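Listed below are the residues making up each chain.
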Amino acid sequence: MYKINIKILFCLILILCSVPVFSFSPVNAGEETFRKIDDISRQVWQNSVPDHVENSLEKRYLYDSPLKTDRYLAVTVHNTTGRERWCLEFQSQFELVEIFYFSRIRNSWVSLYSGDQIPMNRRDLPHPSLIIPLELSDASETDLFIHVQDYQEKSITVRLVSPEMFLLQAGKRNGFLYFSFSFIIIVALYHFFLYLAGRKQFYLYYALVMICLVITLLGKQRIFSYIFLPGRPYGYFIYLFFNSLAILFSLLFSKAFFRISGRGREGRILTGFIALFVLITAFSLIRPTPVLGDIMNLLIIPALVYILYFIFRKSFKGDRVSRLVLLSFLPLVTGGLLDNLFAYTDFLSSSRQGLLLVTGTMIHALIMSYSMAMRQADLDLRYTALRKTFHSHVDRSVKARTEELQNTVYRDPLTGLLNRACMLDKIQEIENNYREELSILFADLDNFKYYNDNFGHPAGDRILEDFSRFLMTHLRSDDLIFRYGGDEFLILMPSTPSEPARQLSRRLHEEFQNLVEKISRELSEKECLLGLSLGFASWHPGSSLMDAVNKADQALLTAKEQGKNRICIYQ
């Protein structure tokens, strides 16, 4: 059953707008008592409206759906304003509205029709709102007989308003709607261009959601039919097709935005919803009926709940972007719920119906745009961090590989000390960069050939390795130790004056005896012939370091000539 409600707000409108309006009073048709005084039966209707007037509508515009419901209303209008032209405005859209009344101005019955079944160019007053013009004589009462057909129960709320007031309110409403739709389209195009700029796929899906939603709202507000299809009755195709596409792209957006994998359980459920709305979209191309619209509306609820599930889950995990997305859904969902609720009540006037959803959509678009910008910023930061990590890893790998190659090129494979090739590079570097005195030691193992010849080359190699470790243990980490060749070693001591270097040389010579005793025990030799000869020289900045190295080499030769196993300083 319809909930019949005749809204009486005209006195308040008169005070606020200073434009004359009517009040309604119901008429009791016949002697029958009715549960609702403004609700009359079909029999009373037939007794009140002549047959030829009632049957004047063309058959092709009759609403013959098996789901239809009919209501018959009778109201009496008291015109005391001195105005004859009025508009009867319905707060909701209906499939078919018929109005019959006896006009004292024309002295005949008048038949007027409107509703979704009547094309815009066939209506007496073409407009996206359901509105019918009336001619009411002054200082008299007029009985209006109203027949309403629709496929679902709605609150039937009407009001009488002057044409000036209607144009003023309709202009404000349409201006707001056109501004809102233009704003949403601009936001959609902005995200589409972001997608074309090579960014993320969710930009494309959101742009498509907004475009489909605008077309859906244009269809729901009957603006699409008013502008583009004035010669055809309003159908459900625009609403069903583009609304199902909007939900479909919303699901795809959620999958891309929240990075939901299609292999997991959640991804499979989401894929199932996507498949369902693909079917609804396909069926809307074949048979766009109110039943299909009801099925779609039933499926939208669990689909949106499932999307909100991901948003809540991400929000509880501390994702700031998901919290903004959740916030953006509040005005959208609230506007949609309130608009649908008020369509079945008499709370809002028709001049304001639909504006809540449009307003909520604009707010949603603004917050979502900021959310996606934050998501892109987070992705950029993550990409930058990963890139830095990657380059750092590459740099470390390159550095390690370079050091490995340098060790291969500049290290002696037996002792691990720097080789002669490295010595030449280091000499050049020191000459160019060092500005302090440097001390040079040339070391040679006396009688090393004896051990090579009598104990074999493996024993000789062990002696060289032990002596290399001995040098690294007793010298500083900054000192450079080179294996010059065979059993000769060069030691460069940066930032070391002559006197401390000489003391270090004497200490090395003394500690060497401990190494000799160790080698003797390992070779089971009673008397070890191994000795250490050292040649010392100094280098000062501004001179040739290679010349200083040669001087240390000459001092070493002098030590050898003087009997070996001693220190000789270049004079």
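Preceding this section is the structure that the text describes.
Below, the structure is looked at part by part. Keep in mind it's a predicted model, so treat the numbers as computed, not measured. (Residues numbered from 1 in each chain as written. Predicted model: local features only at pLDDT ≥ 70, side-chain atom pairs only at ≥ 80, totals over all residues. Heavy atoms only, no water.)

Structural notes on the overall build of the protein chain
Thought 1: A tally of helices and strands in the protein chain yields 16 helices and 13 strands.
Thought 2: Residues counted as buried form 50% of the 571 residues belonging to the protein chain.
Thought 3: Long-range pairs, those at least 24 residues apart, make up 75% of the contacts in the protein chain with a sequence separation of at least 6.
Thought 4: Element-wise, carbon and sulfur atoms account for 57% of the exposed surface of the protein chain, whose accessible area totals about 28,900 Å². (Helix = DSSP H or I, 4+ residues; strand = E, 2+ residues; numbered from the N terminus. Buried < 20%, exposed > 50% of the residue type's maximum accessible area, 1.4 Å probe, protein only. Contact = heavy atoms within 4.5 Å. Areas by Shrake-Rupley, 256 points an atom, 1.4 Å probe, with all protein chains shown as cover.)

Here we look at a nonpolar patch on the surface
Thought 1: On the surface, I185, L189, F192, F193, L196 and I211 cluster together into a nonpolar patch covering about 510 Å² of accessible area.
Thought 2: In terms of residue count, the dominant contributor to the nonpolar patch is helix α4 (residues 163–196) (five residues).
Thought 3: Position of L189 relative to the elements: it lies in helix α4.
Thought 4: For L189, a relative accessible area of 39% corresponds to the partly exposed category. (Patch = residues over 30% accessible without salt bridge, like charges linked within 9 Å, V, L, I, M, F, W, Y side chains within 5 Å. Salt bridge = Lys/Arg side-chain N within 4 Å of Asp/Glu carboxyl O.)

Observations concerning the environment of F249
Thought 1: Within the element layout of this structure, F249 appears in helix α7 (residues 237–257).
Thought 2: Residue F249 is classed as buried on the basis of its relative accessible area of 16%.
Thought 3: With 42 residues separating them in the primary sequence, F249 and A207 have C-alpha atoms 9.1 Å apart.

Points about the sheet that holds strand β8 (residues 158–161)
Thought 1: An order of β6-β3-β8 is seen for the three strands of this open sheet, with the pairing classed as antiparallel. Unpaired on one side and paired on the other, β6 (131–135) and β8 mark the two borders of the sheet. Looking at each pair of strands side by side, their axes are set apart by 25 degrees on average, direction ignored.
Thought 2: Looking at chain direction, strand β3 (residues 85–90) and β8 are connected through four bridges and run antiparallel. Directly across from F90, in β8, lies its bridge partner V158. (Pairing = 2+ DSSP bridges. Axes fitted to C-alpha atoms, helices over the stretch in contact; angles between N-to-C directions.)

Observations concerning the layout of surface pockets
Thought 1: Taken as a whole, the second largest pocket encloses approximately 620 Å³ of empty space.
Thought 2: Residue lining of the second largest pocket: 22 residues in total, with Y234, G235, Y236, P288 and T289 positioned closest to the centre.
Thought 3: Grouping the constituent residues of the lining of the second largest pocket by class yields 13 nonpolar, five polar and four charged. (1 Å grid on protein atoms, 1.4 Å probe; cavity = no way out; pocket = protein on both sides within 12 Å on 5 of 7 lines; lining within 4 Å. Points joined across faces, edges and corners; volume = space filled by probe spheres on them. Nonpolar A, V, L, I, M, F, W, Y, C, P; charged D, E, K, R; others polar.)

So, unusual backbone geometry
Thought 1: For R222, which is not a glycine, the phi torsion comes out positive at approximately 65 degrees.
Thought 2: Note that R222 resides in the loop between α5 (201–220) and α6 (223–228).

Focus on the nonpolar core
Thought 1: The biggest cluster of nonpolar side chains holds 81 residues, and the ones touching the most others in it are L251 and F277.
Thought 2: Once residues lying within four places of it in the same chain are set aside, the contact partners of L251 are L270, F273, I274, F277, A303 and I307.
Thought 3: If you look at the next biggest cluster of nonpolar residues, it comprises 30 residues, including F512, L515, V516 and L534. (Core = buried A, V, L, I, M, F, W, Y, C linked by side-chain atoms within 4.5 Å.)

Notes on the sheet that holds strand β12 (residues 531–539)
Thought 1: What the five strands build is an open sheet, ordered β10-β11-β9-β12-β13; its pairing is mixed. With one partner strand each, in any of the chains shown, β10 (480–485) and β13 (567–569) form the two edges of the open sheet. Mean inter-strand twist for the sheet, computed between neighbouring axes without regard to direction, equals 20 degrees.
Thought 2: Relative to strand β11 (residues 488–493), strand β9 (residues 438–446) runs antiparallel, the two sharing six bridges. What sits directly across from D444, in β11, is E488.
Thought 3: Across the face of the sheet, helix α14 (residues 457–474) comes into contact with β9, β10, β11 and β12 while running at roughly 10 degrees to β11.

Scope: geometric values only; no functional claims are made or implied.
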